[in-house]
Amino acid sequence: MSSSGQHVGYVRVSTIEQNTARQLDGVQLNKVFTDKVSGKSTDRPQLQACIEYVREGDTLHVHSMDRLARNLEDLRRMVRELNAKGVRVQFHKENLTFTGEDSPMANLLLSMLGAVAEFERALILERQ
């Protein structure tokens, strides 16, 4: 772990019964915030606490983009706001890190993968 800032984890599962242990397994973290609620809204208590907690120089570790947000607008906004605070956002499943000084390719991947997560959520809702 770098000494420049803390390594903070954000973990989300959709239901109380689901296990959070697999997300961020093996990642050394100073602090972890966990929500056991749907990702359809960003109005999640631990997500809000996490965003308030992180500081410039910190790295926010998230298992995958769909754990942070289920729609593209929310995902892009949160990554942009965290980067503006000087917080790096690292998505482990996608192996992508966003710093605010990202390449056009990184921004394209964020948009494409975020759109896929949004599409998956729409399919799930359609099946219910």
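The model shown is predicted, which means the values in this text are computed figures rather than measured ones.

Definitions and cut-offs
- Residues numbered from 1 in each chain as written.
- Predicted model: local features only at pLDDT ≥ 70, side-chain atom pairs only at ≥ 80, totals over all residues.
- Heavy atoms only, no water.
- pLDDT = per-residue confidence, 0-100.
- Helix = DSSP H or I, 4+ residues; strand = E, 2+ residues; numbered from the N terminus.
- Pairing = 2+ DSSP bridges.
- Axes fitted to C-alpha atoms, helices over the stretch in contact; angles between N-to-C directions.
- Contact = heavy atoms within 4.5 Å.
- Phe/Tyr/Trp six-rings, centres within 6.5 Å; stacked < 30°, edge-to-face > 60°.
- Buried < 20%, exposed > 50% of the residue type's maximum accessible area, 1.4 Å probe, protein only.
- Patch = residues over 30% accessible without salt bridge, like charges linked within 9 Å, V, L, I, M, F, W, Y side chains within 5 Å.
- Areas by Shrake-Rupley, 256 points an atom, 1.4 Å probe, with all protein chains shown as cover.
- Salt bridge = Lys/Arg side-chain N within 4 Å of Asp/Glu carboxyl O.

Okay, the confidence of the model for the protein chain next. For the protein chain, mean pLDDT is 90; residues scoring 70 or higher make up 98% of the total. Per-residue pLDDT, averaged within each element of the protein chain, yields its smallest value for helix α4 (residues 104-127) (89) and its largest for strand β3 (residues 59-62) (98).

The next point concerns the sheet that holds strand β2 (residues 31-36). Spatial strand order, β2-β1-β3-β4-β5: five strands in an open sheet with mixed pairing. Edge strands, defined here as strands with exactly one partner in the open sheet, are β2 and β5 (96-98). Within this sheet the neighbouring strands show an average axis-to-axis angle of 20°, counted without direction. As judged from the six bridges shared by strand β1 (residues 7-13) and β2, these two strands associate in the parallel manner. Bridge pairing links Y10 to F33 in β2. Relative to the sheet, helix α3 (residues 72-84) contacts β3, β4 (88-91) and β5, its axis offset from that of β4 by approximately 135°. Docked against the sheet, α4 engages β4 and β5, running at close to 110° with respect to β5.

What follows concerns the packing of aromatic side chains. Counted by the stated rule, this structure contains two aromatic pairs. Pairing F91 with F98 gives two aromatic rings, centres 6.1 Å apart and planes at 70°, and the pair type is edge-to-face. Summarising the burial analysis for this pair, F91 and F98 share the class buried.

What follows covers a nonpolar patch on the surface. A cluster of nonpolar side chains, M105, L108 and M112, forms an exposed patch at the surface whose accessible area comes to about 300 Å². Tracing the chain through its elements places M105 in helix α4.

Right, let's talk about the pairing of β1 for a bit. Note on strand geometry: in a regular strand, side chains alternate between the two faces of the sheet. Counting buried positions along β1 yields seven of seven residues, so the element is predominantly enclosed. Burial along β1 is two-sided: H7, G9, V11 and V13 and V8, Y10 and R12, pointing in opposite directions, are all buried. Where β1 meets β3, four bridges bridge the pair, whose relative direction is parallel. Across the sheet, G9 pairs through a bridge with H61, a residue of β3.

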